[in-house]
Amino acid sequence: MPSPSLVKGFAGAWDRFVEDLDAAGRRDPAARSRFELAVAYPGLHAVWIHRLAHRMWRTPGLRLAARLVSQLNRSLTGVEIHPGATIGRRLFIDHAMGVVIGETAEIGDDVMLYHGVTLGGRSLQHVKRHPTVGNRVTIGAGARVLGAIQVGDDVQIGANSVVVKDVPSGAVATGIPAVVRFPKRDATNQWLDPAMYI
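Just so you know, these numbers come straight off a predicted model, no measurement behind them.

### As for the pattern of salt bridges
According to the stated counting rule, one finds eleven salt bridges in the structure shown. A salt bridge links Asp-20 to Arg-51; its shortest N-O distance comes to 2.6 Å. You can see Asp-20 sitting in helix H1 (residues 4–27) and its partner Arg-51 sitting in helix H3 (residues 42–57), a full 31 residues away along the chain. Judged by relative accessible area, which is 23%, Arg-51 ranks as partly exposed. Linking Asp-154 and Arg-136 is a salt bridge whose minimum nitrogen-to-oxygen distance equals 2.7 Å. Taken together, the residues Asp-154 in the loop between strand E11 (150–151) and strand E12 (156–157) and Arg-136 in the loop between strand E8 (132–133) and strand E9 (138–139) connect sequence positions 18 residues apart. Each of Arg-16, Glu-19, Arg-27, Arg-89, Arg-90 and Asp-110 takes part in one network of salt bridges that share partners.

Below is the structure:
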């Protein structure tokens, strides 16, 4: 008979699996079922494989194995996530291909990344050198968020933007280099300036 801790661990992993599927389903209008999401969405596969690699990374004797798992992840999904990166709950990587997340990156809950996003470093020192991304952040296709910067909660970063400075909560960052703005919203909480949509 399996131990209670094993049963609890399996139940927790299953709950996370379903939570990820439901979060992806809410963010992708093309998704038709949990089954389709589970078998045909490499962004989800990348997150799931990363969780295994990250758990291995926390044990010093398994770090090489963790790197090998992360390289397998890259080969299978087109997403490169260093096993040292810390990722919150319900991360959804839409289309997946070309996403790079560095070793000291930290990502909050309910974040959405589009294809081609880089959370990269700007230092060669052995320090915190990758971004910290808050909760409920959306980062558009091809955006580069570089350095040990802070991206606050509820931020939107436009497609192909290059962000090298902190972005406060609730802001929109667009352009090269990114300009931070707090655009106005109407009574239904929609942006008044259509250029703010990413």
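On we go from here.
### Considering H3
With 16 residues, H3 ought to run about 22 Å at 1.5 Å a step, and its terminal C-alpha atoms sit 22 Å apart, in line with that. Those residues of H3 that sit buried are Gly-43, Leu-44, Ala-46, Val-47, Trp-48, His-50, Ala-53, His-54, Met-56 and Trp-57.

### Observations concerning the side chain of Arg-90
Relative to the helices and strands, Arg-90 resides in the loop between strand E2 (86–87) and strand E3 (92–93). A distance of 2.5 Å separates polar atoms of two side chains, one belonging to Arg-90 and the other to Asp-110. Arg-90 has contacts with Glu-19, Asp-20, Ala-23, Arg-26, Arg-27, Arg-51, Asp-109, Asp-110 and Val-111, leaving out every residue within four places of it along the chain.

About the cut-offs
Residues numbered from 1 in each chain as written. Predicted model: local features only at pLDDT ≥ 70, side-chain atom pairs only at ≥ 80, totals over all residues. Heavy atoms only, no water. Salt bridge = Lys/Arg side-chain N within 4 Å of Asp/Glu carboxyl O. Helix = DSSP H or I, 4+ residues; strand = E, 2+ residues; numbered from the N terminus. Buried < 20%, exposed > 50% of the residue type's maximum accessible area, 1.4 Å probe, protein only. Expected span 1.5 Å × (residues − 1). Polar contact = N/O pair within 3.5 Å; in protein donor to acceptor, adjacent residues only side chain to side chain. Contact = heavy atoms within 4.5 Å.

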